[in-house]
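The primary structure of each chain is shown beneath.
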Amino acid sequence: MLGLNHYLVLAALLFCIGFIGAVAKRNAIAVLMGVELMLNGVNLNLVAFDRFGNHAEPLGQAFAVFIVAVAAAEVAVALAMILTLYRKRGNTNVDDLEGLKW
Amino acid sequence: MVNAAIALVLAPLAAFILIAFMTRRTEALSAMVGIVAAAASLVLSIGLLVGVLADPAGAHESIKWLSIPAIGHFRGLEISMGVLVDPLSATMCVIVSLVAFLVMIYSLGYMKGDPGFSRYYAYLSLFAFSMLGLVVADNYFQTFSFWELVGLCSYLLIGFWFEKKSAADASRKAFITNRWADFGFMVGVLLLFQLFGSFDFTELSTVIPLAKGGAMLPLIAALIFIGPLGKSAQFPFHVWLPDAMEGPTPVSALIHAATMVAAGVYLIARGFILFASVPAVMEGMAYIGGFTALFAASIALVQKDIKRILAYSTLSQLGYMFMALGVGSMSAGMFHLTTHAFFKALLFLGAGSVIHATGEQDIFKMGGLGKKMRITAWAFTIGALALSGIFPLAGFWSKDEILLASLRSGHVGLYVLGLGVAFMTAFYMFRLIFTAFGGASTEGLRAHESGPAMAIPLLVLAALSVVAGLIGSPWFERAFGFSFGSFIFFGEGEKSRLDLTTAAISSLVAVGGIGLAWIMYGKKLIKAERVAAAFGPAYRLLDHKFYIDEIYGWIFARVMLAGGRAFDWIDHKVIDGLFDGLGAATRATGRKLRLTQSGRLQGYALVIFGAVAIAALALSTDLLGGLLK
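Residues numbered from 1 in each chain as written. Chains lettered and ligands numbered in written order. Predicted model: local features only at pLDDT ≥ 70, side-chain atom pairs only at ≥ 80, totals over all residues. Heavy atoms only, no water.

Let us look at the pattern of salt bridges. Residues and elements named next belong to chain B. Scanning the model with the defined rule gives nine salt bridges over all chains in all. Between E246 and K164 there is a salt bridge, with the nearest N and O atoms lying 3.4 Å from each other. One end of the pair, E246, is in the loop between α9 (240-243) and α10 (249-258); the other, K164, is in the loop between α5 (140-158) and α6 (165-196), and 82 residues separate them in sequence. Take E246: its relative accessible area is 21%, and that puts it in the partly exposed class. Bridged by salt links that share partners, the residues K173, D243, R308 and D549 form one connected network. (Salt bridge = Lys/Arg side-chain N within 4 Å of Asp/Glu carboxyl O. Helix = DSSP H or I, 4+ residues; strand = E, 2+ residues; numbered from the N terminus. Buried < 20%, exposed > 50% of the residue type's maximum accessible area, 1.4 Å probe, protein only.)

So this is what it looks like as structure tokens:
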């Protein structure tokens, strides 16, 4: 029987894989994918707590739906930015984005 | 009584505001406003004096102006604004408003056609307000405020023709010299409050006699005494007054002869209880006064500028007043202040009349003016006789009071010194008269009698110079049952007396001075040039006013500038170095720290995540079974 812990461990794994992708990848699209994985890890946490907790209202699920919607919008914006970046520079390497440096 | 006093102070202020903001363009109206206000003050002052004559207790009323409650160690501060009407202030009010009124009328003629005509009347009104406010003030704080205001008016009026460099310089000199002295006054007043917790004259007069011993009281008295030294231009603060003659002559008459310079004497009389309780300060006052009297009179002997002779004479007469106060006779000091206000204003206005007519200030370029300007010449001679102390003119009575007071208090040295000054006074005044008014007319000198606006004030003041002294005479006391000495006094009222011996001696001395002047300048039996040559070094010393200005110039140019350079070095090297060092240290730290900002977002994300992870772990130590404990 699958319990809450299984879901939480899976969510933590997803989050960490996503985090490593977001921090370590050089390709902007891969970084974006990592961020998506992190968001989904969080979503899984929310849904799991909602399912296994004793809640009168499905608040966790409502949050998850919101995050999915916001993530979709975020991806749209981010991909547009990456596309512009690619047109301007010919690649999508995040190491080249040092405009914030002193 | 109190309302009248307030009204007589505020009337000139209203005139000042009106002139400054409304009638500036129409000169005749400005003069009218100023004169009407001064007349109103004069009428109210006379009313006040009559009221005080009937009831010498006078009136006193004050309101709290600023009140800060005591907090902890801070003992609180209460400053009140009030009006104190007593014989002293009522008499002074009449002197101030009378001279102000006459000077304003006189100025109609003297200042006619001046581009700053309205401004002149505005300043005069402001001065009248400040001076009257100073006179009726009931506490040291208020006195100090008005004290500064009269100083400001003096500055503005000395520098009235500010486009002239000498006038602008003189006004600054007056202001700065007074600033030094006023600093002493201010510190004294603050210490006084520290010691007694009050600024109020009436309150202090009951508290001070009970204060016994201690070094504080002499220190306070000495510090406050510095204020009058500056304002009344006593040695060593006298340097500003002769230069103040750069202002219009009526201003010299009003401010620098009759009223403002007498404010120092007035202040001492007002707070006499304070000074009287410190014998050392009183002795110092008497000797500084006596010294200034002799010192200034000796300089006046050789001056050539008509206004400067009068200025040094004013210094010398103020010295007399200080001497009188110093030997403990407030009556004699105030009496001389009163009579001096009249005859010195008269002399200055007379000099103004001469300057207006001839455009000349050097008496040796004048001559024979007596025939061309009869009224002025007569008025001037009356003033000079009064100043020399010839019986029965005003100066005779008041100067004798002073000489008598110094003799009776055992200061024989000061008495002899006073006699010497009386001799010099008579000499330099009649040197002036015989040179400027007597003798043959100088060729090419055009002169004419002044118009009625200038002649009438001269006549009024001449009349006052004749009779004003009688209020301190024994005959007046016999006729009316009181006299100046029993009206304004400290301690016990003084009876008017005429000591025939001293009167005869001082009259002889004065006549002797006049006689010598007549021999030297009237008949020219002794050539003045030969006397000057015979006493070469002494003459040069006097001609250069004892080189005091040069000494001060040296002190300021050398000592002060050297001090300034030292402080400049400290400021630039030490203090600036400190702050420049702080700045440099900050920049160096920043240069190192900015290397941590790589600009790589992923690096930042790692740091943020790490920080959140540490925070989460720290917050959840209980859940994790005390992992971090």
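Right, let's get into the nonpolar core. Judged by nonpolar contacts, the single largest core of 200 residues is most densely connected at Y140(B), I224(B), M334(B) and M429(B). In this structure, M429(B) is in contact with L310(B), L347(B), F380(B), A384(B), L387(B) and S388(B), ignoring residues within four places of it in sequence. In this structure, A28(A), L32(A), M38(A) and A78(A) belong to the second largest nonpolar core, which totals 10 residues. (Core = buried A, V, L, I, M, F, W, Y, C linked by side-chain atoms within 4.5 Å. Contact = heavy atoms within 4.5 Å.)

A separate point is the interface of chain B and chain A. Taken together, the contact pairs 11 residues of chain B with 15 residues of chain A. With both sides pooled, the region where chain B packs onto chain A buries about 1100 Å², and carbon together with sulfur makes up 62% of that total. Considering only the surface of chain B that becomes buried against chain A, R600(B), Q602(B) and F609(B) emerge as the three largest contributors, covering 48% of it. Summed over the shared surface of chain B and chain A, the result is zero salt bridges. Broken down by class, the residue content of the side of chain B that touches chain A amounts to five nonpolar, four polar and two charged. (Buried area = accessible area lost by both parts, 1.4 Å probe. Nonpolar A, V, L, I, M, F, W, Y, C, P; charged D, E, K, R; others polar.)

Glancing now at a positive patch on the surface. Residues and elements named next belong to chain B. On the surface, R587, R591, K592 and R594 cluster together to form a positively charged patch. Looking at the secondary structure, you find R594 in the loop between α26 (548-593) and α27 (601-619). Among the residues examined, R594 registers a relative accessible area of 43% and is labelled partly exposed. (Patch = residues over 30% accessible without salt bridge, like charges linked within 9 Å, V, L, I, M, F, W, Y side chains within 5 Å. Areas by Shrake-Rupley, 256 points an atom, 1.4 Å probe, with all protein chains shown as cover. Lys, Arg positive; Asp, Glu negative; His and termini not counted. Charge placed at Lys NZ, Arg CZ, Asp CG, Glu CD.)

Here we come to the environment of L318(B). All names here are of chain B. Inspection of the secondary structure assignment puts L318 in helix α14 (residues 306-326). C-alpha separation for the pair L318 and G290, spaced 28 residues apart in sequence, amounts to 9.4 Å. Apart from the residues lying within four places of it in its own chain, the contact partners of L318 are S232, Q234, V261, A262 and V265.

The subject of this paragraph is the packing of helix α13 (residues 279-300) of chain B against helix α19 (residues 412-436) of chain B. Residue and element names in this part refer to chain B. As a packed pair, α13 and α19 sit with axes 9 Å apart at the nearest point and diverge in direction by 25°. Relative to α19, the element α13 is oriented roughly parallel. The interaxial crossing formed by α13 with α19 has left-handed handedness. Only L414, L417, V421, M424, Y428 and R431 of α19 make contact with α13, whose side of the interface consists of A286, Y287, G290, A293, L294, A297, S298 and A300. (Axes fitted to C-alpha atoms, helices over the stretch in contact; angles between N-to-C directions. Parallel < 35°, antiparallel > 145°, perpendicular 65-115°, else oblique. Left-handed = near helix turned anticlockwise from the far one by under 90°.)

Here we come to the side chain of D200(B). All names here are of chain B. By secondary structure assignment, the location of D200 is in the loop between α6 and α7 (201-207). Look at D200: it is buried, it has no salt bridge, and the nearest opposite charge is R270 at 9.6 Å. At a separation of 3.1 Å, a polar atom in the side chain of D200 contacts the main-chain amide nitrogen of E203. Setting aside residues no more than four positions away along its own chain, D200 makes contact with H60, D138 and N139. (Polar contact = N/O pair within 3.5 Å; in protein donor to acceptor, adjacent residues only side chain to side chain.)

Right, let's talk about α26(B) for a bit. For α26(B), built from 46 residues, the straight-helix expectation of 68 Å at 1.5 Å per residue is met to within 8% by its first-to-last C-alpha distance of 64 Å. Of all the bends in α26(B), the largest measures some 35° and sits at G577(B). (Expected span 1.5 Å × (residues − 1). Bend = angle between axes of the 7 residues up to and from the residue.)

This part is about the packing of aromatic side chains. Inspection of every chain in the model, using the stated rule, returns 30 aromatic pairs over all chains. With centroids separated by 5.6 Å and ring planes inclined at 75°, the aromatic side chains of F129(B) and F146(B) adopt a geometry described as edge-to-face. Residue F129(B) is located in helix α4 (residues 117-136), and its partner F146(B) is located in helix α5; the two are separated by 17 residues in the primary sequence. Put simply, the rings of F117(B), Y120(B), Y121(B), Y123(B), F160(B) and W161(B) pair up and form one aromatic cluster. Looking at R51(A), its charged tip hangs above the ring of F52(A), at a distance of 5.7 Å from the centre. (Phe/Tyr/Trp six-rings, centres within 6.5 Å; stacked < 30°, edge-to-face > 60°. Lys NZ or Arg CZ within 6 Å of the ring centre and 35° of its normal.)

Now for the packing of helix α2 (residues 27-54) of chain B against α4(B). Residues and elements named next belong to chain B. Packing of α2 against α4 leaves a shortest axis separation of 8 Å and a crossing angle of 15°. In terms of their interaxial angle, α2 and α4 are classed as roughly parallel. Helix-helix and strand crossings are classified by hand; for α2 and α4 the assignment is left-handed. Taken together, the residues of α4 that come into contact with α2 (itself represented by E27, S30, A31, G34, I35 and S41) are F117, S118, Y121, S125 and L132. Here the residues of the contact of α2 with α4 are counted per class, giving five nonpolar, five polar and one charged.

Taking 1.5 Å as the rise per residue, helix α2 (residues 28-52) of chain A with 25 residues should run 36 Å; its terminal C-alpha atoms sit 36 Å apart, in good agreement. Buried within α2(A) we find A28(A), A30(A), V31(A), L32(A), G34(A), E36(A), M38(A), G41(A), N43(A), A48(A) and D50(A). Where α2(A) is buried, its residues meet α1 (4-24) and α3 (59-89) of chain A together with α27 of chain B.

With that settled, the discussion passes to the side chain of D50(A). Residues and elements named next belong to chain A. Assignment of secondary structure puts D50 in helix α2. Look at D50: it is buried, it has no salt bridge, and the nearest opposite charge is R51 at 7.8 Å. A polar side-chain atom of D50 sits 2.8 Å from a polar atom in the side chain of Q61. With near-sequence residues (within four places) excluded, D50 lies in contact with H55, E57, P58, L59, G60 and Q61.

Moving on, we come to the environment of K573(B). Residue and element names in this part refer to chain B. Mapped onto the elements of the fold, K573 is located in helix α26. Classification of K573 by relative accessible area gives exposed; the value is 53%. Each C-alpha atom, one on K573 and one on L294, is 49 Å from the other, the two residues being 279 residues apart in sequence.

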